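For reference, the chains in residue letters:
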Amino acid sequence: GRSDYEGPYDFGGVLTNSNRDVVNGDAIYKRNQSYKEMHCLHPGDMYPFTRKPLFIIVDSSNSMAYKNFTNLFGQPLVCLLSPVAYPKVLQDQSQRGSLFTLFLYNPLMAFLYICGLS
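## Topic: the packing of aromatic side chains
Here's step 1: Using the criterion set out here, one finds 2 aromatic pairs in the structure.
Here's step 2: Considering the side-chain rings of Tyr66 and Phe69, the 6.1 Å spacing of their centres and the 15 degrees angle between planes classify their relative orientation as stacked.
Here's step 3: Relative accessible area serves as the criterion here: at 3%, Tyr66 is assigned to the buried category.
Here's step 4: Exposure remark for Phe69: the relative accessible area of 12% places this residue in the buried category.
Here's step 5: Following the ring pairs from residue to residue traces out a cluster consisting of Tyr47, Tyr66 and Phe69.

Have a look at this one:
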């Protein structure tokens, strides 16, 4: 029989479009719930790009979908994944922007920020 495992599409991906059709505050789903999210960039969608060295930064609440990214062609591959959970002290502050992105953009400022120094 057919296996339920679909490989790189099983764990979801990074949502690329959060828009939904909404009527009276309720989301309308035009497709069966058993389908995968179509506005998502799944790890399997990136496989053709692994023929050459690849560097990926995944800043998403579902970055764990890329945790077991398969290297099919043996080329160098780096995946930087954002954390799934932040420390409680920093959770309220994450609404101002992603702490992961701050570390990538300005590491010194991010370090000072988490230390509580200004």
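## Brief notes about the environment of Ser61
Here's step 1: Locating Ser61 in the fold gives a position in the loop between β5 (54-58) and β6 (77-81).
Here's step 2: Residue classification places Ser61 among the exposed positions, given a relative accessible area of 70%.
Here's step 3: When the C-alpha atoms of Ser61 and Pro83 are compared, they prove to be 7.7 Å apart, with 22 residues separating the residues in sequence.

The rules behind each value
- Residues numbered from 1 in each chain as written.
- Predicted model: local features only at pLDDT ≥ 70, side-chain atom pairs only at ≥ 80, totals over all residues.
- Heavy atoms only, no water.
- Phe/Tyr/Trp six-rings, centres within 6.5 Å; stacked < 30°, edge-to-face > 60°.
- Buried < 20%, exposed > 50% of the residue type's maximum accessible area, 1.4 Å probe, protein only.
- Helix = DSSP H or I, 4+ residues; strand = E, 2+ residues; numbered from the N terminus.

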